[in-house]
Amino acid sequence: ADAKFERARAVVESSQTSAAREKAEIDDLIERYRHLEYDERCKLSEAKAAEDARKAREAQRLEYEAAVRRREAKERAAREEKQRYAREVMDAMAEDDRINQMNAQKRRMRVLEHKREADRLAEIKFAAKERELQAEREALEAQRRDRAAYDAAVDAERDRLIANHRALMAVGAHSQE
């Protein structure tokens, strides 16, 4: 009877050991699957973050280009206004000369004098506009430099976090094996 009891006990212990080993293997598979799911979620999150960053950089590039086009249009309009103003002043002075019926030599000298005066007045009138445009150019360039530095810092931090995460995952995978 003792031999039967011992064999029965051995069979029960063997089946319990097999069940425990199978449970451990199943738990290990479940844990590996969880790590794979987590890695996949991380990859998707990284891809979304990279796409969001790319879209933000593209929007900022387009905004910068639009600002440059607006500035160039302002500069072009200012140059045209300056030329138009100088022509108007010249026309007005030429009309004055005709009214006074100056002789040819005096008229030529007067036209040159008027041209110099018209150019001087135009320079005075549009010098402030040119300073304003230059300040806007410098502000746009500073904005572009600041954004580039910010983007570089964000990219470096993201790369650092990803590297840290991968290192932690590698340590976790080694400790479970």
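Since the model is a prediction, treat every value here as computed from it, not as a measurement.

*Asks:* Please give an account of the overall build of the chain that cites residues and values.
*Replies:* On a plain count of helices and strands, the chain comes out with 2 helices and 0 strands. By the compact-globule yardstick of 16 Å for 177 residues, the chain is too spread out, its C-alpha radius of gyration being 41 Å. In terms of its C-alpha atoms, the chain occupies a principal-axis envelope of roughly 150 × 20 × 15 Å. For the chain, the proportion of its 177 residues judged to be buried stands at 12%. Partitioning the contacts of the chain with sequence separation of at least 6, the portion at a separation of at least 24 is 82%. For the chain, the distance from the average position of its 41 positive side-chain charges to the average position of its 41 negative side-chain charges is 6 Å.

*Asks:* Break down the pattern of salt bridges for me, with residues and values.
*Replies:* Scanning the model with the defined rule gives 26 salt bridges in all. Its salt-bridge partner being arginine 61, residue glutamate 58 comes within 2.4 Å of it at the nearest N-O pair. With glutamate 58 and arginine 61 both in helix α1 (residues 2-100) and 3 residues apart, this pair spans about one turn of that helix. Looking at glutamate 58, the relative accessible area reads 29%, which means it is partly exposed. Residues joined by salt bridges that share partners form a network here, namely Arg57, Asp155, Arg158 and Asp159.

*Asks:* Describe in detail the packing of aromatic side chains, supporting the description with residues and values.
*Replies:* A full pass over the atoms with the stated rule returns 1 aromatic pair. Judged by centre distance (6.4 Å) and plane angle (70 degrees), the rings of tyrosine 85 and phenylalanine 126 are edge-to-face. Of the two residues, tyrosine 85 is situated in helix α1 and phenylalanine 126 in helix α2 (residues 104-176); the sequence distance between them amounts to 41 residues.

*Asks:* So, the environment of lysine 82: which residues are in play, and what are the values?
*Replies:* Counting through the fold element by element, lysine 82 comes out in helix α1. Between the C-alpha atoms of lysine 82 and aspartate 119, which are 37 residues apart in sequence, the distance is 9.0 Å. Beyond its immediate sequence surroundings of up to four residues, lysine 82 is in contact with Ala122, Glu123 and Phe126. Side chain to side chain, lysine 82 and glutamate 123 meet in a polar contact 2.5 Å long.

*Asks:* Could you give me a rundown of the environment of alanine 66, with the residues and numbers involved?
*Replies:* In this fold, alanine 66 is placed in helix α1. C-alpha separation for the pair alanine 66 and arginine 32, spaced 34 residues apart in sequence, amounts to 51 Å.

*Asks:* Quick one: what's the story with the environment of histidine 165, residue by residue and with numbers?
*Replies:* In this structure, histidine 165 sits in helix α2. Separated by 39 residues in the primary sequence, histidine 165 and phenylalanine 126 have C-alpha atoms spaced 58 Å apart. When sequence neighbours within four positions are dropped, the list of residues in contact with histidine 165 reads Tyr38, Asp39 and Cys42.

*Asks:* I'd like a description of the side chain of histidine 114, backed by residues and values.
*Replies:* Of note, histidine 114 is situated in helix α2. Judged by relative accessible area, histidine 114 falls into the buried class, the value being 7%. In contact with histidine 114, not counting residues within four places along its chain, are Met90, Met93, Ala94 and Asp97.

Cut-off values and rules
Residues numbered from 1 in each chain as written. Predicted model: local features only at pLDDT ≥ 70, side-chain atom pairs only at ≥ 80, totals over all residues. Heavy atoms only, no water. Helix = DSSP H or I, 4+ residues; strand = E, 2+ residues; numbered from the N terminus. Rg over C-alpha atoms; globule rule 2.2 N^0.38 Å. Buried < 20%, exposed > 50% of the residue type's maximum accessible area, 1.4 Å probe, protein only. Contact = heavy atoms within 4.5 Å. Lys, Arg positive; Asp, Glu negative; His and termini not counted. Charge placed at Lys NZ, Arg CZ, Asp CG, Glu CD. Salt bridge = Lys/Arg side-chain N within 4 Å of Asp/Glu carboxyl O. Phe/Tyr/Trp six-rings, centres within 6.5 Å; stacked < 30°, edge-to-face > 60°. Polar contact = N/O pair within 3.5 Å; in protein donor to acceptor, adjacent residues only side chain to side chain.

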